[in-house]
Amino acid sequence: MAWLILGIAIFTEICWALSLKWAATLGSWQASVVPIALSFLNMALLALAMRDIPAGTAYAIWTGLGAVGVIIGGMILFGDRVNPVQAGFMAMIVIGVAGTKLFAQA
């Protein structure tokens, strides 16, 4: 169950980061409520996942997949560009996350 919660935390992390850019483009205080709310939800889910997953493992997976997800989301939603070298490093992050999960004790 902890891994599922961590997956949801990663998804909310991606949504949070992308909502920061979205709120900045709108420039209204109402739009700022979305990233603030997602921030609280995101941290609560990460903390909940860390009850059963070691903190370092959970944080490494959350950070790595969150970063890759934000890059992909930025490409889709905002037209951000990624060159082949960046894509290669993103693949290494995913490989590192897979290895971290594969050899995790929880």
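What comes next concerns the included structure.

Rules behind the numbers
- Residues numbered from 1 in each chain as written.
- Predicted model: local features only at pLDDT ≥ 70, side-chain atom pairs only at ≥ 80, totals over all residues.
- Heavy atoms only, no water.
- Helix = DSSP H or I, 4+ residues; strand = E, 2+ residues; numbered from the N terminus.
- Contact = heavy atoms within 4.5 Å.
- Phe/Tyr/Trp six-rings, centres within 6.5 Å; stacked < 30°, edge-to-face > 60°.
- Buried < 20%, exposed > 50% of the residue type's maximum accessible area, 1.4 Å probe, protein only.
- Lys NZ or Arg CZ within 6 Å of the ring centre and 35° of its normal.
- Core = buried A, V, L, I, M, F, W, Y, C linked by side-chain atoms within 4.5 Å.
- Salt bridge = Lys/Arg side-chain N within 4 Å of Asp/Glu carboxyl O.
- Polar contact = N/O pair within 3.5 Å; in protein donor to acceptor, adjacent residues only side chain to side chain.

**Considerations on the environment of Ala 31**
By the element assignment, Ala 31 lies in helix 2 (residues 29–49). Sequence spacing of Ala 31 and Glu 13 is 18 residues, and the spatial spacing of their C-alpha atoms is 17 Å. In this view, Ala 31 contacts Trp 22, Ala 23 and Leu 26; residues no more than four positions away in its chain are not counted.

**Regarding the packing of aromatic side chains**
Per the stated rule, a full pass over the model turns up 1 aromatic pair. Consider the rings of Tyr 59 and Trp 62, whose centres lie 5.4 Å apart with planes at 40°: the pair is tilted. One end of the pair is Tyr 59 and the other is Trp 62, both in helix 3 (residues 55–78) and 3 residues apart, which spans about a single turn. In this structure Trp 62 comes out as buried when scored by relative accessible area, which is 7%. The aromatic ring of Trp 3 is capped on one face by Lys 101, whose charged end is 4.3 Å from the ring centroid.

**Here we look at the environment of Leu 20**
Counting through the fold element by element, Leu 20 comes out in helix 1 (residues 2–26). C-alpha separation for the pair Leu 20 and Leu 4, spaced 16 residues apart in sequence, amounts to 25 Å.

**Notes on the nonpolar core**
If you look at the biggest cluster of nonpolar residues, it comprises 15 residues, and the most contacted ones within it are Leu 6, Ile 10, Ile 53 and Trp 62. Residue assignment for this core shows that the elements contributing at least two residues are helix 1, helix 2 and helix 3. Filtering out sequence-adjacent residues up to four positions away, Leu 6 remains in contact with Leu 46, Ala 49, Ile 53, Ala 58, Ile 61 and Trp 62.

**Quick look at the pattern of salt bridges**
Going through the model one piece at a time under the given rule, you end up with 1 salt bridge. Measuring nitrogen to oxygen at the nearest pair gives 3.4 Å for the salt bridge that ties Asp 80 to Lys 21. Residue Asp 80 is found in the loop between helix 3 and helix 4 (84–102), and its partner Lys 21 is found in helix 1; the two are separated by 59 residues along the sequence. In this structure Lys 21 comes out as partly exposed when scored by relative accessible area, which is 38%.

**A few points about the environment of Ser 19**
With respect to the helices, strands and loops of the structure, Ser 19 is situated in helix 1. Looking at Ser 19, the relative accessible area reads 7%, which means it is buried. Placed 12 residues apart in sequence, Ser 19 and Ala 31 show a C-alpha to C-alpha distance of 8.5 Å. If near-sequence neighbours (up to four positions away) are discounted, Ser 19 is found in contact with Val 34, Pro 35 and Leu 38. In this structure the side chain of Ser 19 is engaged in a polar contact, spanning 2.7 Å, whose partner is the backbone oxygen of Trp 16.

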